[in-house]
Amino acid sequence: MSTYALPTALAEIVDDFQALTEPDRLQLLLEFSRALPELPERLRDHPELLEQVVECQSPLFLTIEAEKDDAGSPAAFRLFFKAPPEAPTTRGFAGVLHEGLDGLTAQEILAVPDDMPELLGLTRAITPLRMRGMTAMLGRIKRKVAASARLQS
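Residues numbered from 1 in each chain as written. Predicted model: local features only at pLDDT ≥ 70, side-chain atom pairs only at ≥ 80, totals over all residues. Heavy atoms only, no water.

## Here's the deal with helix 1 (residues 8-18)
Then, number 1: Those residues of helix 1 lying buried are Leu10, Ala11, Ile13, Val14 and Phe17. Relative to the axis of helix 1, the buried residues are bounded by an arc of 160 degrees and lie together on one face.
Then, number 2: Here the buried face of helix 1 lies against helix 2 (22-35) and helix 4 (88-101). (Buried < 20%, exposed > 50% of the residue type's maximum accessible area, 1.4 Å probe, protein only. Helix = DSSP H or I, 4+ residues; strand = E, 2+ residues; numbered from the N terminus. Arc of directions from axis to C-beta. Contact = heavy atoms within 4.5 Å.)

Spelled out as structure tokens, the structure:
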């Protein structure tokens with residue numbers, strides 16, 4: 001699969017990973033872990049607004065919010081993640097998805113192939129269970145976006 005089917009920001013991230021050696025890919029994943037934004041104040045004290053991705057080995061919670069256009073339809077989706085600092089792989093995956101998908105439309109997010117995490121070239125360096133966690137994060141985001149888009153139509 002090529003990156004042409006990916007949204008621009010996500011394609012650039014995949015290209016960055018693919019251009020590196022395996023050890024450097026792990027370092028880049030760690031950088032994404034450090035760059036994952038904290039939850040906004042309105043979500044910090046309300047865990048009930050976040051959904052746990054139980055397939056992840058480390059506790060990871062996420063939610064999405066739809067930004068509306070002038071007609072009241074969802075124009076873009078914002079992604080929010082909560083993962084502990086002592087889970088750098090999980091945080092790194094969340095950071096990649098945040099940077100690559102945050103602010104996109106439902107159509108753009110739903111068009112991302114389900115096997116996109118494999119494009120990062122980490123399948124030999126990271127356990128299959130952890131890779132399934134990232135795939136589950138992407139799947140959960142896509143399900144939540146699809147459900148929100150259906151509610152709005």
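## Points about the pattern of salt bridges
It is possible for side chains bearing opposite charge to pair when their charged atoms get close.
Then, number 1: With the rule as written, the count across this model stands at 9 salt bridges.
Then, number 2: Its salt-bridge partner being Arg140, residue Glu51 comes within 3.1 Å of it at the nearest N-O pair. Pair noted here: Glu51 is in strand 1 (residues 51-52) and Arg140 is in helix 6 (residues 128-152), with a separation of 89 residues, a long-range link.
Then, number 3: The closest approach of N and O atoms between Arg78 and Asp102, which form a salt bridge, is 2.8 Å. Note that Arg78 is positioned in strand 3 (residues 74-82) and Asp102 in the loop between helix 4 and helix 5 (106-110), a separation of 24 residues in sequence.
Then, number 4: For Arg78, a relative accessible area of 28% gives the class partly exposed.
Then, number 5: Through salt bridges with shared partners, one network takes in Glu51, Glu55, Arg140 and Lys144. (Salt bridge = Lys/Arg side-chain N within 4 Å of Asp/Glu carboxyl O.)

## Details of the nonpolar core
Then, number 1: If you look at the biggest cluster of nonpolar residues, it comprises 40 residues, and the most contacted ones within it are Phe81, Leu101 and Met116.
Then, number 2: Where this core is concerned, the elements lending two or more residues are helix 1, helix 2, strand 2 (61-68), strand 3, helix 4, helix 5 and helix 6.
Then, number 3: Top contributing element to this core by residue count: helix 6, with 7 residues.
Then, number 4: Residue contacts for Phe81: discarding those within four places in its chain leaves Leu36, Pro37, Leu39, Leu60, Phe61, Leu62, Ala94, Leu97, His98, Met137 and Ile141. (Core = buried A, V, L, I, M, F, W, Y, C linked by side-chain atoms within 4.5 Å.)

## So, the packing of aromatic side chains
Then, number 1: Per the stated rule, a full pass over the model turns up 1 aromatic pair.
Then, number 2: Between the aromatic rings of Phe17 and Phe32, the centroid separation amounts to 5.9 Å while the plane-to-plane angle is 20 degrees, which identifies the pairing as stacked. One end of the pair, Phe17, is in helix 1; the other, Phe32, is in helix 2, with 15 residues separating them in the sequence. (Phe/Tyr/Trp six-rings, centres within 6.5 Å; stacked < 30°, edge-to-face > 60°.)

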